[in-house]
Amino acid sequence: MNTSVKTRNLVLTAAIAAIIVMMAFVPYVGYINLVVIKATLIHVPVIIGSVVLGPKKGAFLGFIFGFTSLINNTFNPSLLSFAFSPFYSGGNLWSLVICFVPRILVGVVPYFVYRGVMKLGNGHKAAEFAALPLAGVTGALVNTILVMNLIYFCFAAQYAAVKEIAVELVYDGILAIIVANGVPEAIVAAVLTLALGKVLLHLRG
């Protein structure tokens, strides 16, 4: 990779990181407080960064995503903020795992999905119309499914307490959030990853 390409990739990484931070701290842009939990759109620039810049820079962008989630859930909490911040009442070290691991994977997995589909399509540009949306959907679902299942395994009792339900019913609530939040987030990610990913891949050359 020549110097100009490295510089261009670093500039793009910094720009996407800045977008993530901006989305995180502008109200109702990146994190939408639904009282019980926060829906998010911040996974979208992370997914696009993963596809365009590769898994290493994607993982870095995912870390930024996780860090903004930690700050947001510490200082602007919802009922489930204990699952994302050890500094919020009820949180512990597992909160950091939930906050960072799924978000870092959001920056890694879409790259390999995109590359895998492109390889199946013999690298033809037309294959991008399948590869980019699939990468978007996968990244969004990685975030939603991992986060919610980790909440179940690590914080089932706390979840039951804040929702005022029996522990036996916790996974039903988890599944409801996965469907209610995860499906719209995946659709948005598919559309934006296709639209913006094609542009950035073309500009990258």
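Presented here is an overview of the structure given in this document. These figures come from a predicted structure and were not determined experimentally. (Residues numbered from 1 in each chain as written. Predicted model: local features only at pLDDT ≥ 70, side-chain atom pairs only at ≥ 80, totals over all residues. Heavy atoms only, no water.)

## Regarding the overall build of the chain
Looking only at helices and strands, the chain features 7 helices and 2 strands. In the chain, the succession of helices and strands from N to C terminus is α-β-β-α-α-α-α-α-α. Dimensions of the chain along its principal axes, counting C-alpha atoms only, are 55 × 30 × 25 Å. Pairs at least 24 residues apart make up 68% of the contacts formed inside the chain by residues separated by at least 6 positions. Side-chain charges of the chain comprise 12 positive and 5 negative groups, with the mean position of each set lying 26 Å from the other. (Helix = DSSP H or I, 4+ residues; strand = E, 2+ residues; numbered from the N terminus. Contact = heavy atoms within 4.5 Å. Lys, Arg positive; Asp, Glu negative; His and termini not counted. Charge placed at Lys NZ, Arg CZ, Asp CG, Glu CD.)

## Considerations on the nonpolar core
Across soluble globular proteins, nonpolar side chains show a tendency to be buried alongside one another. Counting 30 residues, the largest nonpolar core has Ile20, Leu61 and Tyr114 as its most contacted members. If one sorts the elements of this core by residue count, helix H2 (residues 43-53) sits on top with 7 residues. Those residues in contact with Tyr114, other than ones at most four positions away along the chain, are Val51, Glu128, Ala131, Leu132, Ala135 and Leu201. (Core = buried A, V, L, I, M, F, W, Y, C linked by side-chain atoms within 4.5 Å. Buried < 20%, exposed > 50% of the residue type's maximum accessible area, 1.4 Å probe, protein only.)

## Considering the environment of Val109
Among the structural elements, Val109 can be located in helix H5 (residues 109-120). A C-alpha to C-alpha distance of 7.5 Å links Val109 and Thr138, two positions 29 residues apart in sequence. Apart from residues lying up to four places away in sequence, Val109 is in contact with Thr138 and Val142.

## Overview of helix H4 (residues 93-106)
Between its first and last C-alpha atoms H4 spans 21 Å; for 14 residues at 1.5 Å apiece the expected length is 20 Å, and the two agree. Of the positions making up H4, those classed as buried are Ser95, Ile98, Cys99, Phe100, Pro102, Arg103 and Val106. Sitting at the head of H4, Asn92 places a side-chain oxygen 2.8 Å from the backbone nitrogen of Trp94. (Expected span 1.5 Å × (residues − 1). Polar contact = N/O pair within 3.5 Å; in protein donor to acceptor, adjacent residues only side chain to side chain.)

## Things to note about the pattern of salt bridges
Close approach of charged atoms allows side chains of opposite charge to pair. Under the counting rule described, the total for this entry stands at 2 salt bridges. Glu128 serves as the salt-bridge partner of Lys125, at 3.9 Å between the closest nitrogen and oxygen. (Salt bridge = Lys/Arg side-chain N within 4 Å of Asp/Glu carboxyl O.)

## Some points on the environment of Leu192
Along the chain, Leu192 turns up in helix H7 (residues 170-204). When neighbours within four sequence positions are excluded, Leu192 is seen to be in contact with Val44, Ile48 and Gly197.

## What to know about the side chain of Thr13
Along the chain, Thr13 falls in helix H1 (residues 3-25). Among residues more than four places away in sequence, those in contact with Thr13 are Leu53, Lys57, Phe60 and Leu61.

In short, the description is geometric, and any link to function would need to be established separately.
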